[in-house]
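Below are the chains, spelled out letter by letter.
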Amino acid sequence: MEGLALLKNVPHQLSIYSVLYDKIPSNHILKIIAGNVDFSFINELLKDSYCQHLGRPAKEPEMLAKILILQYLYNLSDVKVIEEARLNLAYMWFLGLNPEEDLPDASLLAKFRKHRLKETSVDDMIQEVVRQCVEKGIIKGTGLSIDATHTQANTKKKVPERIMKHLGRRIIRAIEKENGVIPAELISEVPDYKLIEDHNEAKQKMKSYVEELIGKTESHVDLSILPNSQQAVNEAKEILEDPKFMVQKGVRSLVDKEARVGYKSKTDSFYGYKVEFAMLPETRIITAVTVESGAYVDGSQFEELYQRSKACGLPIQAVYGDKAYFRKPILRYLTNRGGRSHHSRKRLCLQARRKPF
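Residues numbered from 1 in each chain as written. Predicted model: local features only at pLDDT ≥ 70, side-chain atom pairs only at ≥ 80, totals over all residues. Heavy atoms only, no water.

Our focus in this paragraph is the overall build of the protein chain. Summing up its helical and strand segments, the protein chain has 12 helices and 7 strands in all. Taking as baseline every contact in the protein chain between residues at least 6 positions apart, the subset at least 24 positions apart corresponds to 66%. Entry remark: accessible area of the protein chain is about 20800 Å², with carbon and sulfur atoms responsible for 50%. (Helix = DSSP H or I, 4+ residues; strand = E, 2+ residues; numbered from the N terminus. Contact = heavy atoms within 4.5 Å. Areas by Shrake-Rupley, 256 points an atom, 1.4 Å probe, with all protein chains shown as cover.)

Listed below in structure tokens is the structure:
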């Protein structure tokens, strides 16, 4: 890829051992995928995520993305996919490597997902792969289904009193570790909120305790030379300043601060995230996806999901959704594009009158 100096720029699979790849049957799933989807766009898409001139040459984003594809296809962990690839000719061929070449360490996959694959990059990758498949006639369809699914957070939600107790503990521990000693002014008895029957009184008691601890810390500790302590103080401030926190609609866990309480129905709640996606109902191919907190209102990202799906080259003639999507902004958005709605108590369908939306 021109201009991508950080990536190795050598021909693939030209060693004498590459003749072994002739043993891979032409109808192997990986050969079918590689024969229909050109993944070279990934290097260009992610080039700004890498430094062009500093450090050692990076592993190609295209290859790392393909390893993630192998993980999904064969349900493998980071460690297992690398182990299996070392022994599987089809895997090595799919990755564009010679049989004798080394694979990256499994730890690089986590770094790739976290630091290189930002949300927009993943969206763009999905869009481009689907676009190529639509262009080649592999994926067909004129309908688009929108829905959201719930994902439980891998942690328990806690009441604000308990979270504030942990915030205070984090500040004290950070100072003790970095400073070597806790200033006497910061040592005080932590309120036992469990003994306070009134929930609102317990919250206010713990909030006052943490706010007082923050004030004393800033007065008696030089946080400019204690970065972890400063971070602990800033975290506590940010959480306490959020008006949603005290009414239990904000942070409910310090392990996963992005998760929120949401509702599957008026009485059935969950704690975690909502994954909203657009897909082709005939083939169940996902064309666009977004991940939001559990408090997300279904359909809020409808326009983005719709536009990303349309950018794949799909001639959308109908949009389907459950009753959660029977909302004025969505109806207005589609009817302004020449659609008409059909709906029952459980299902919504908007169809184009004469041509795709």
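Let us look at the side chain of Gln71. Within the secondary structure, Gln71 sits in helix α3 (residues 61-74). For Gln71, a relative accessible area of 11% gives the class buried. Residues in contact with Gln71, not counting those within four places in the same chain, are Leu76, Ser77, Asp78, Val81, Leu109 and Arg113. (Buried < 20%, exposed > 50% of the residue type's maximum accessible area, 1.4 Å probe, protein only.)

Think of an α-helix as 3.6 residues a turn; residues three or four steps apart then line up on the same face. Across its 14 residues, α3 extends 20 Å between first and last C-alpha, which sits within 8% of the 20 Å expected from 1.5 Å per residue. Summarising burial for α3: 10 of the 14 residues are buried, a large majority. Every buried residue belonging to α3 is among Pro61, Glu62, Met63, Leu64, Ala65, Lys66, Ile67, Leu68, Leu70 and Gln71, and all of these are buried. Directly beyond the C-terminal end of α3, a positive phi value near 55 degrees is found at Asn75. (Expected span 1.5 Å × (residues − 1).)

With that out of the way, let us pick up helix α9 (residues 199-220). Counted at 1.5 Å a residue, the expected span for α9 with its 22 residues is 32 Å, and the 32 Å between its end C-alpha atoms agrees. Along its buried surface, α9 packs onto α8 (160-179) and α10 (227-241). The N-terminus of α9 is capped by Asp198, whose side-chain oxygen sits 3.1 Å from the backbone nitrogen of Asn200. (Polar contact = N/O pair within 3.5 Å; in protein donor to acceptor, adjacent residues only side chain to side chain.)

Structurally, the position occupied by Glu189 is in the loop between α8 and α9. When its relative accessible area of 72% is taken as the criterion, Glu189 is described as exposed. Considering only alpha carbons, one finds Glu189 and Tyr209, 20 residues apart in sequence, at a separation of 9.4 Å.

Further remarks concern the packing of aromatic side chains. According to the stated counting rule, one finds 5 aromatic pairs in the structure shown. Pairing Tyr306 with Tyr333 gives two aromatic rings, centres 5.6 Å apart and planes at 85 degrees, and the pair type is edge-to-face. Residue Tyr306 is found in helix α11 (residues 302-310), and its partner Tyr333 is found in helix α12 (residues 328-335); the two are separated by 27 residues along the sequence. Comparing Tyr306 with Tyr333 shows no difference in burial state: the two are buried. Taken together, the aromatic side chains of Phe302, Tyr306 and Tyr333 make up a single cluster linked through ring pairs. Sitting above the plane of the Phe94 ring, Lys66 keeps its charged end 5.3 Å from the centroid. (Phe/Tyr/Trp six-rings, centres within 6.5 Å; stacked < 30°, edge-to-face > 60°. Lys NZ or Arg CZ within 6 Å of the ring centre and 35° of its normal.)

Quick look at the packing of α3 against helix α6 (residues 107-116) now. One way to put it is that α3 packs onto α6 with a least axis distance of 11 Å and a crossing angle of 105 degrees. Comparing the axis directions of α3 and α6 gives the class roughly perpendicular. Touching Pro61, Leu64, Ala65, Ile67, Leu68 and Gln71 of α3 are Leu108, Leu109, Phe112 and Arg113, all from α6. Tallied by class, residues from the contact of α3 with α6 come to 8 nonpolar, 1 polar and 1 charged. (Axes fitted to C-alpha atoms, helices over the stretch in contact; angles between N-to-C directions. Parallel < 35°, antiparallel > 145°, perpendicular 65-115°, else oblique. Nonpolar A, V, L, I, M, F, W, Y, C, P; charged D, E, K, R; others polar.)

One can find Asp256 in the loop between α10 and β2 (260-263). Separated by 3.3 Å, the side chain of Asp256 and the backbone nitrogen of Glu258 make a polar contact. Once residues lying within four places of it in the same chain are set aside, the contact partners of Asp256 are Ala153, Thr155, Tyr271 and Tyr273.

With that settled, consider the confidence of the model for the protein chain. Chain-level statistics for the protein chain give a pLDDT mean of 87 and a share of 87% at 70 or above. In this model residues 1-11 is a low-confidence stretch, pLDDT under 50, and it forms 22 contacts with partners more than four residues away in sequence or in other chains. Confidence over residues 53-58 falls short of pLDDT 50; this stretch has 5 contacts with residues more than four positions distant or in other chains. (pLDDT = per-residue confidence, 0-100.)

Judged by nonpolar contacts, the single largest core of 52 residues is most densely connected at Leu95, Ile146, Phe302 and Tyr306. The element best represented in this core is α3, accounting for 6 residues. Within the second largest apolar cluster, 27 residues are counted, among which are Ile163, Leu223, Leu226 and Phe245. (Core = buried A, V, L, I, M, F, W, Y, C linked by side-chain atoms within 4.5 Å.)

This part is about the environment of His28. Mapping His28 onto the fold places it in the segment before α1 (29-36). With 62 residues separating them in the primary sequence, His28 and Ala90 have C-alpha atoms 8.2 Å apart.

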